[in-house]
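Residue-level structural notes
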Amino acid sequence: MELTQPVTPNPGAIKKPAEMTEPDLLKLGNHFVVKFHVLMKISQIYDSRNVALQQFVHESLQSINALIRKEGTFSLKIIRDELFLNDQRLRYSVEGFTSFKYLLTQWKKRLIGEVIFREEVDEETLKEFIYALINLEEGQQQNATLLSDRLASRGTSAIKVYPLANHENEDEAETLVKETQQEVAKKVFFETAGTIKEIINQIKGGQYADVRKLKRLAQKAVHLVMEDESILLGLTTIKNYDEYTFNHSVNVSIYSLAIGKRLGFSRKTLGELGITAMLHDVGKSKIPKEVLNKPGALDGEEWGMMKKHPLTGVEMILNLKQLGEINPGIVIGVFDHHLKNDLSGYPKLFQKKQVSLFGRIIQVADAYDAMTTPRIYKKNPLTPEQALAMMLKEKMVQFDPILLKVFIGLVGVFPIGSLVLLNTRELGVVYRPNSDPRWGDRPQVILLARDKKGLPKKEAANLMETDEAGRFRWTIVKSLDPNKYHLDIAKYFL
């Protein structure tokens, strides 16, 4: 289980005088990272008087000074592969992943670990800082001191810079291994979503779409699923309806790979299944956004467009030369993923055929994730338990009953991400299934408790623990709908 590491404040850090709500703070922090990423890149191309640079200097200043006015000080710090803003970990989004990765990479290359803005800064100060930062020689231990000295020599005391700290020594090696797996999983998740988005945008723009990166990410996902499937399954609780197509494609891939693992697929076959699931909805890129996001029911013409997307996806995949010699299973899987078990789905067939195994697996994964994900036109999705109940009702018509049984065994009686009420009247989030299938109703649960900063404490409740009389201390009474409690379940997996 991943626990948020305590952040040791720098001796020079100033305590914030006023509290800011966590969502506001993190929103401003994420906005700053995106703007600062662009500012660093542009400053390596243009001089300080360039109009484009001025725009991003101005936007970065707005973020920095807004944070300082609210918090009193603004600290951005690297701990391992995470960014912390005023001791709160920033959680990157699909669209912000590239900026986070760039900032972490560039600061680490220069061995810069923390930057503290002590007071509001002006345009000249920020430009002085940014050009001094990008001109540092990579790998030099004294870079933080050099940067601080340069700023001080120019009369700037508002910005303090500290070196990258070494966090390699841990009391328990096992904890480090688990955390490393968790961090790798998060990076694979967000990078895959970003890569799918990039590929789809390239295809829509008639540009060269390089899918080799997606193949490498699929192999990483296969490795993670083989090592510990529950880590990736936990990340499927990330539901971003603003980036639904890309987020959904990654989730479907994770569920599909976990099913494939249970079926005993080889790593090679799992890799092909992963690619198929990642690209299963690529044909939707040809459907107008106003149709995809229409709040009401689709008319006949619009529904006709929607039903064409599997065939359109096949045509697009056949044109992706970088996939090399395309395995027919990938193409057929994309074509089949909306053909129901009784062939009553779409595209309409002129001759009966058996739905491919890839297609049947993706059907199950696709339906479950769609049912449990909020959409622009469906803000309150089904709970995991409700989704499984609905799928069971349609198991003979829509789904392969054997694969559905495998899937239910995979996600458990109380699926990962379920909000549950315990007999102690405490609320909890199902973190992972019980490793012993005989105790499927006793998964690992994280209690909904928060620390002083309002962040999830991630305290575990061991549902196998008994008292002196041999009675279970905790038992799940029932599942609850997290939407009614305005809870973001994904926070417990990030």
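Residues numbered from 1 in each chain as written. Predicted model: local features only at pLDDT ≥ 70, side-chain atom pairs only at ≥ 80, totals over all residues. Heavy atoms only, no water.

1. Looking at the packing of aromatic side chains
The geometry of an aromatic ring pair is captured by two quantities: the separation of the ring centres and the angle between the planes. The condition is simple: Pairing of aromatic rings covers Phe, Tyr and Trp, the last through its six-membered ring, and needs centres within 6.5 Å; plane angles under 30 degrees mean stacked, over 60 mean edge-to-face, and all others mean tilted. Secondary structure elements follow DSSP: runs of H or I no shorter than four residues count as helices, runs of E no shorter than two count as strands, and numbering proceeds from the N terminus. Any residue under 20% of the maximum accessible area for its type is buried, any over 50% is exposed, and the rest in between are partly exposed; the area is computed with a 1.4 Å probe on protein chains only.
Applying the stated criterion across every chain, the model contains 15 aromatic pairs. Arranged with centres 6.5 Å apart and planes meeting at 80°, the rings of F32 and F117 form a pair that is edge-to-face. Here F117 lies in strand β4 (residues 112-117) and F32 lies in helix α1 (residues 22-43), a separation of 85 residues in the sequence. Residue classification places F117 among the buried positions, given a relative accessible area of 2%. When the ring of Y255 is compared with that of F407, the centres are 5.5 Å apart and the planes differ by 80°; the resulting orientation is edge-to-face. You can see Y255 sitting in helix α8 (residues 244-262) and its partner F407 sitting in helix α16 (residues 401-411), a full 152 residues away along the chain. What makes Y255 buried here is its relative accessible area of 4%.

2. Overview of the sheet that holds strand β7 (residues 427-432)
Rules: A pair of strands counts as paired when DSSP detects no fewer than two bridges linking them. Angles run from 0 to 180 degrees between N-to-C directions of axes, and those axes are lines fitted to C-alpha atoms, restricted for helices to the stretch in contact.
The strand order across the open sheet formed by five strands is β9-β8-β7-β6-β10, and the pairing between neighbours is antiparallel. At either margin of the open sheet sits one strand with a lone partner, and together these are β9 (459-461) and β10 (476-480). Pairwise comparison of adjacent strand axes, ignoring direction, gives a mean angle of 45° for this sheet. In terms of strand pairing, strand β8 (residues 444-447) meets β9 through three bridges, oriented antiparallel. Across the sheet, V445 pairs through a bridge with A461, a residue of β9.

3. Some points on the sheet that holds β4
For clarity, the cut-off: What makes two residues a contact is simply this: any of their non-hydrogen atoms within 4.5 Å.
The strand order across the open sheet formed by five strands is β3-β2-β1-β4-β5, and the pairing between neighbours is antiparallel. Looking along the sheet, the strands with just one partner apiece sit at the ends: β3 (88-89) and β5 (159-163). Examined bridge by bridge, β4 and β5 share five bridges and lie antiparallel to one another. By the bridge assignment for β5, E114 is matched with Y162. Sheet contacts for helix α2 (residues 51-71): β1 (74-79), β2 (82-85) and β4; angle to β1, the most-contacted strand, approximately 105°.

4. Brief notes about the nonpolar core
Defined as follows: Residues grouped as a nonpolar core are buried Ala, Val, Leu, Ile, Met, Phe, Trp, Tyr and Cys residues, joined through side-chain atoms within 4.5 Å.
Counting residues in hydrophobic clusters, the biggest one holds 120 residues, and the most contacted among them are F36, W107 and F129. Here the element with the most residues in this core is helix α7 (residues 212-235); it accounts for ten residues. In this structure, F129 is in contact with F36, V115, F117, L147, L151, I159 and V161, ignoring residues within four places of it in sequence. Judged by nonpolar contacts, the second largest core, of ten residues, contains V420, L422, V430 and I476.

5. Focus on helix α12 (residues 309-318)
Within α12, seven of the ten residues are buried, which leaves it mostly tucked inside the rest of the structure. All buried positions along α12 are accounted for by H309, P310, T312, G313, V314, M316 and I317.

6. What to know about the layout of surface pockets
As a reminder of what qualifies: The way it works is a 1 Å grid over only the protein atoms, where trapped points that fit a 1.4 Å probe form a cavity and open points with protein on both sides within 12 Å along at least five of seven lines form a pocket, and then any residue with an atom within 4 Å of a point lines it. Grid points are joined across faces, edges and corners, and a volume is the space filled by probe spheres set on the points. Three categories are distinguished: nonpolar for Ala, Val, Leu, Ile, Met, Phe, Trp, Tyr, Cys and Pro, charged for Asp, Glu, Lys and Arg, and polar for the others, with Gly belonging to the last.
In this structure, the second largest pocket occupies an estimated 780 Å³ of space. The class makeup of the residues in the lining of the second largest pocket is 13 nonpolar, nine polar and seven charged.

7. Here's the deal with the packing of helix α13 (residues 328-336) against helix α14 (residues 357-371)
Threshold: Note that the term roughly parallel is reserved for angles under 35 degrees, roughly antiparallel for angles over 145, roughly perpendicular for angles of 65 to 115, and oblique for everything else. We call a crossing left-handed when the near helix sits turned anticlockwise from the far one by less than a right angle, and right-handed when that turn is clockwise.
In contact at an axis separation of 7 Å, α13 and α14 are set at 45° when each is read in the N-to-C sense. Looking at the two axes, α13 sits oblique to α14. As for the relative orientation of α13 and α14, their crossing is right-handed in sense. On α14, the residues that touch G329, I330, G333 and D336 of α13 are F358, G359 and Q363. By residue class, the composition of the contact of α13 with α14 is two nonpolar, four polar and one charged.

8. Re unusual backbone geometry
Cis peptide bonds are those with omega within 30 degrees of zero, and the linkage from Y346 to P347 qualifies with 0°. Relative to the elements of secondary structure, P347 occurs in the loop between α13 and α14. Here the phi dihedral of L111 falls at roughly 55°; this positive angle occurs in a residue that is not glycine. Even without glycine at this site, R425 takes up a positive phi of about 75°. You can see R425 is positioned in the loop between β6 (419-422) and β7. Classification of R425 as exposed rests on a relative accessible area of 63%.

9. Let's talk about the pairing of β7
Along β7, five of the six residues are buried, which leaves the element largely enclosed by surrounding structure. The pairing of β6 with β7 spans three bridges and is classified as antiparallel. Bridge pairing in β7 links L421 to L427. Between β6 and β7, which pair antiparallel one after the other, the connecting turn spans four residues, and R425 there sits at a positive phi close to 75°.

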